[in-house]
Amino acid sequence: MTELELAAVLVCLAAFFGVINYFVLRLPQTIGMVVIALITSFALMGLHLQFPGLELADLVRERVEDFDFNETLMHGMLGFLLFAGALHVDLATLRANRFIIALAASIGVVASAFLVALGFQWLAGVPFLVALVFGALISPTDPVAVLSVLKDAGVPHSLEAKITGESLFNDGVGYVVFLIVVALAFSAGEGARADASDIAELFLLEAGGGAVLGGAAGWLVFQAMKRIDDYSLEVLLTLALVMGTYTLAYRLHISGPIAVVVAGLFIGSHGMAHGMSETTREHLTKFWRMLDEILNAVLFLIIGLEVFTLSYDNKALLVALACIPLVVAARFVTLGTIFTALRLKRTFSPGALPIMVWGGLRGGISVALVLSLPPFPHKELLLTATYVVVIFSIIVQGLTIKPLAGLWLKNEAR
């Protein structure tokens, strides 16, 4: 199957499943896409058990396993999705919550990764570095999942800014942590060991370099947009900004996610306020919202279909199920510690901590990272645990965050 044929199949399936969700399930689009894809996948597996001669499940499994999810998401969709999300973030609110966002997206990710690793090592009996790989890929919240679910969740604006800001930045930070941990885990037997200074240098180069590149690229495009009054050309400029910045960051070995987030924040604040007409602003907003919705639909469809890649070993499934409370508890402990420290200088609403904990969804990025790992004895276990946590996060947490936010608002009004 060619790339064009595969893209055609995915878009057609996304459109078909979207129609089913619209008329039958009526769930938020992204969650509905995952649910219908899972139902379809399990139905095909059931048919395969009843009629093995049809080989339906085997055919779909081969196509899913041949599909490079990591490459498609990390070096294809992600830049567009992050830019679209950052474009609509209120920079003033983000700046007002900068301390908690910075701490949650940096120290919080690292601390959560270690807590998850300790628990996973105890649950699965794997080496600590392998457990730390799992902690590193599952601890960052997924901005794509978070942004798609929070749109209709009714979370208060200031709290939504905290969750969104954290997810936008901890994605880039988490990816850097993942790269460091993977390097330590898979080079340990080759005599190549990195010391603390090497790790700090890599972290600063990846994260800091990405931020500088994104800011510089965003400023250059802003300067061009100020001097142009042609909405089609200005939309094209933003497309070039995303694709050029993300590709250049990849070639320079710095963080592409952080680069496009910074560029998106710059265009979304300064660009929209001072660099474009009302007509351009309207067309630009509609274009990126539409692109965001289409890519999200395809992405969450793929997540649902990735169930075919799992190994259905009973022990692995039990470990994976136990990882759900482990990941949530690690996030609660790390965010709770950060909230406690910051309460010395500021106050938080009583419901802020539980909503931030429960609203920190995991998504396709975690799945892409675990699929990117080289073959090793525990990869199937990590894949199963990651997928189970991601599915629980998207469906259960995604569907319950709105009632939780409503309960919080009701209690606040009393």
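Within any chain, residue numbers begin from 1 and follow the written order of that chain's sequence. Thresholds applied to this predicted model are a pLDDT of at least 70 for local features of residues and 80 or more for the giving and counting of side-chain atom pairs; totals over whole chains, interfaces and linings are not thresholded and use all residues. The side-chain values count all of the structure's non-hydrogen atoms but skip hydrogen atoms and water molecules.

Draft legend 1. Here's a closer look at the overall build of the chain. We count a stretch as a helix when DSSP gives it H or I for four or more residues in a row; a strand needs E for two or more, and each element gets its number in order from the N terminus. Assigned secondary structure in the chain consists of 18 helices and 0 strands. For the chain, the C-alpha radius of gyration of 21 Å lies close to 22 Å, the compact-globule estimate for 414 residues. Its C-alpha atoms put the chain at 65 × 55 × 50 Å along the principal axes. Buried residues are those whose accessible area, probed at 1.4 Å on protein chains only, stays under 20% of the maximum for their type, while exposed residues exceed 50% and partly exposed ones sit between those limits. Buried positions account for 52% of the 414 residues belonging to the chain. Here the globule rule is a power law, 2.2 Å times the number of residues to the power 0.38, and the radius of gyration is based on C-alpha atoms.

Draft legend 2. Region of the structure containing unusual backbone geometry. In this structure, arginine 26 is a non-glycine residue whose phi angle is positive, near 55°. Among the structural elements, arginine 26 can be located in the loop between helix 1 (3-25) and helix 2 (29-50). Look at histidine 253: it is not a glycine, yet its phi comes out positive at around 60°. Mapped onto the fold, histidine 253 is located in the loop between helix 12 (231-252) and helix 13 (256-274). Relative accessible area serves as the criterion here: at 56%, histidine 253 is assigned to the exposed category.

Draft legend 3. Local environment of the side chain of serine 139. With respect to the element layout, serine 139 can be found in the loop between helix 8 (128-138) and helix 9 (143-150). Pairs of N or O atoms within 3.5 Å make up the polar contacts considered here, provided that, within protein, one atom can donate a hydrogen while the other can accept it, and that residues adjacent in sequence are counted only when both atoms are side-chain atoms. There is a polar contact of 2.6 Å between the side chain of serine 139 and the backbone oxygen of glycine 135. Residues count as neighbours in contact if any of their non-hydrogen atoms are within 4.5 Å of one another. If we ignore the near neighbours within four places in the chain, the residues touching serine 139 are Val109, Ser112, Ala113, Val116 and Arg362.

Draft legend 4. Seen up close, helix 6 (residues 98-105). Within helix 6, burial applies to Ile100, Ile101, Ala104 and Ala105. Looking straight down helix 6, one finds its buried side chains confined to an arc of 120°; they lie on one side. To obtain the arc, one takes the directions from the helix axis to the C-beta atoms.

Draft legend 5. Spotlight on the layout of surface pockets. In this structure, the largest pocket encloses a volume near 550 Å³. In this analysis the probe radius is 1.4 Å and the grid spacing 1 Å, with only protein atoms considered; a cavity is a set of points the probe fits into but cannot get out of, a pocket is an open set with protein on both sides within 12 Å along at least five of seven lines, and lining residues have an atom within 4 Å of a point. If you go around the largest pocket, you meet 19 residues; those closest to its centre are Glu3, Leu6, Ala7, Phe67 and Thr72. Elements that contribute at least two residues to the lining of the largest pocket include exactly helix 1, helix 3 (56-66), helix 4 (69-87) and helix 14 (278-305). In terms of residue count, the dominant contributor to the lining of the largest pocket is helix 1 (6 residues). Grid points are joined across faces, edges and corners, and a volume is the space filled by probe spheres set on the points.

Draft legend 6. Local environment of a negative patch on the surface. A surface patch of negative charge is lined by Glu55, Glu62, Glu65, Asp66 and Glu380. Along the chain, glutamate 55 falls in the loop between helix 2 and helix 3. The patches reported here contain residues having more than 30% relative accessible area and no salt bridge. Joining distances are 9 Å for like charges and 5 Å for nonpolar side chains (Val, Leu, Ile, Met, Phe, Trp, Tyr). The method behind every accessible area is Shrake-Rupley, applied with a 1.4 Å probe, and residues are considered shielded solely by the protein chains displayed. By definition, a salt bridge exists where a carboxyl oxygen of Asp or Glu is found within 4 Å of a side-chain nitrogen of Lys or Arg. His residues and chain termini do not enter the charge count, which takes Lys and Arg as positive and Asp and Glu as negative. All charge positions are set by atom: Lys at NZ, Arg at CZ, Asp at CG, Glu at CD.

Draft legend 7. Structural context of the pattern of salt bridges. Taken as a whole and assessed by the stated rule, the structure comprises 3 salt bridges. Between arginine 331 and glutamate 166 there is a salt bridge, with its nearest N and O atoms 2.8 Å apart. Highlighted residues: arginine 331 in helix 15 (residues 314-342) and glutamate 166 in helix 10 (residues 157-187), separated in sequence by 165 residues. Residue arginine 331 is classed as buried on the basis of its relative accessible area, which comes to 4%. Residues arginine 281 and glutamate 278 are paired through a salt bridge, measuring 2.5 Å at the closest nitrogen-oxygen approach. Remark: glutamate 278 and arginine 281 occur in helix 14; sequence separation between them is 3 residues, near one turn of the helix.

Draft legend 8. Spotlight on the packing of helix 1 against helix 14. Throughout, an axis means a line fitted to C-alpha atoms (over the contacting stretch in the case of helices), and angles, computed between N-to-C directions, take values from 0 to 180 degrees. The interhelical angle for the contact between helix 1 and helix 14, taken along N-to-C directions, is 95°, at an axis separation of 9 Å. One finds that helix 1 runs roughly perpendicular with respect to helix 14. Across the interface between the two elements, Leu10, Val11, Leu13, Ala14 and Phe17 from helix 1 touch Ala297, Val298, Leu301 and Ile302 from helix 14. The residue classification treats Ala, Val, Leu, Ile, Met, Phe, Trp, Tyr, Cys and Pro as nonpolar and Asp, Glu, Lys and Arg as charged. All others, Gly included, are polar. Split into classes, the residues belonging to the contact of helix 1 with helix 14 amount to 9 nonpolar, no polar and no charged. By definition in this entry, angles of less than 35 degrees are roughly parallel, angles greater than 145 are roughly antiparallel, angles of 65 to 115 are roughly perpendicular, and the rest are oblique.

Draft legend 9. Spotlight on the environment of arginine 346. Along the chain, arginine 346 falls in the loop between helix 15 and helix 16 (352-358). Excluding residues that lie within four positions of it along the chain, arginine 346 makes contacts with Ala96, Asn97 and Lys162.

Draft legend 10. Fine view of the packing of aromatic side chains. Ring pairs are drawn from Phe, Tyr and Trp, using the six-membered ring of Trp, whenever the two centres fall within 6.5 Å, and their geometry is named by plane angle: stacked under 30 degrees, edge-to-face over 60, tilted for the rest. Following the criterion strictly, the structure yields 10 aromatic pairs and no others. When the ring of phenylalanine 16 is compared with that of phenylalanine 17, the centres are 6.0 Å apart and the planes differ by 45°; the resulting orientation is tilted. Taking relative accessible area as the criterion, phenylalanine 17 reaches 5% and is therefore assigned buried. Judged by centre distance (6.1 Å) and plane angle (90°), the rings of tryptophan 358 and phenylalanine 392 are edge-to-face.

Draft legend 11. Fine view of the environment of leucine 318. The topology assignment puts leucine 318 in helix 15. Take leucine 318: its relative accessible area is 60%, and that puts it in the exposed class. Each C-alpha atom of the pair leucine 318 and leucine 123 lies 9.4 Å from the other, and the pair is 195 residues apart in sequence.

Draft legend 12. Just a nonpolar patch on the surface, in detail. A cluster of nonpolar side chains, Val19, Tyr22, Phe23, Val24 and Leu25, forms an exposed patch at the surface whose accessible area comes to about 530 Å². On the secondary structure map, tyrosine 22 appears in helix 1. Given a relative accessible area of 55%, tyrosine 22 falls into the exposed group.

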